[in-house]
Amino acid sequence: MSRAFVKEDEGQRWTPPAPPRAYRVVWTGDPDAPEVLKETDDLLEALRWMQARDRHEFELRDGRGALLATG
């Protein structure tokens, strides 16, 4: 196998990054390290996901990072 297709550190095959999604839910509970919790192409799915969680401090952002909603 060519070394071009093996990660040097782990000895695993290279996998392409996931395609960018239209929406992402970001948890902003830790202002120093916001965390992307969900990415999807379905706006209603993202909003329902945010609503179903017990904790708050969520932001819904589009693929370019523009703020669409908070929860």
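In short, a report on the structure. (Residues numbered from 1 in each chain as written. Predicted model: local features only at pLDDT ≥ 70, side-chain atom pairs only at ≥ 80, totals over all residues. Heavy atoms only, no water.)

Here we take up a nonpolar patch on the surface. On the surface, a cluster of nonpolar side chains totalling about 320 Å² of accessible area is made up of Leu 43, Leu 44, Leu 47 and Leu 68. The element best represented in the nonpolar patch is helix α1 (residues 43-52), accounting for three residues. By the element assignment, Leu 47 lies in helix α1. (Patch = residues over 30% accessible without salt bridge, like charges linked within 9 Å, V, L, I, M, F, W, Y side chains within 5 Å. Areas by Shrake-Rupley, 256 points an atom, 1.4 Å probe, with all protein chains shown as cover. Salt bridge = Lys/Arg side-chain N within 4 Å of Asp/Glu carboxyl O. Helix = DSSP H or I, 4+ residues; strand = E, 2+ residues; numbered from the N terminus.)

For the rest of this paragraph, the subject is the pattern of salt bridges. Under the defined criterion, the tally for this structure stands at four salt bridges. Note that Asp 41 is salt-bridged to Arg 21, the shortest N-O span being 3.1 Å. Residue Asp 41 is found in the loop between β2 (35-40) and α1, and its partner Arg 21 is found in the segment before β1 (23-27); the two are separated by 20 residues along the sequence. Of the residues examined, Asp 41 reaches a relative accessible area of 46% and is grouped as partly exposed. (Buried < 20%, exposed > 50% of the residue type's maximum accessible area, 1.4 Å probe, protein only.)

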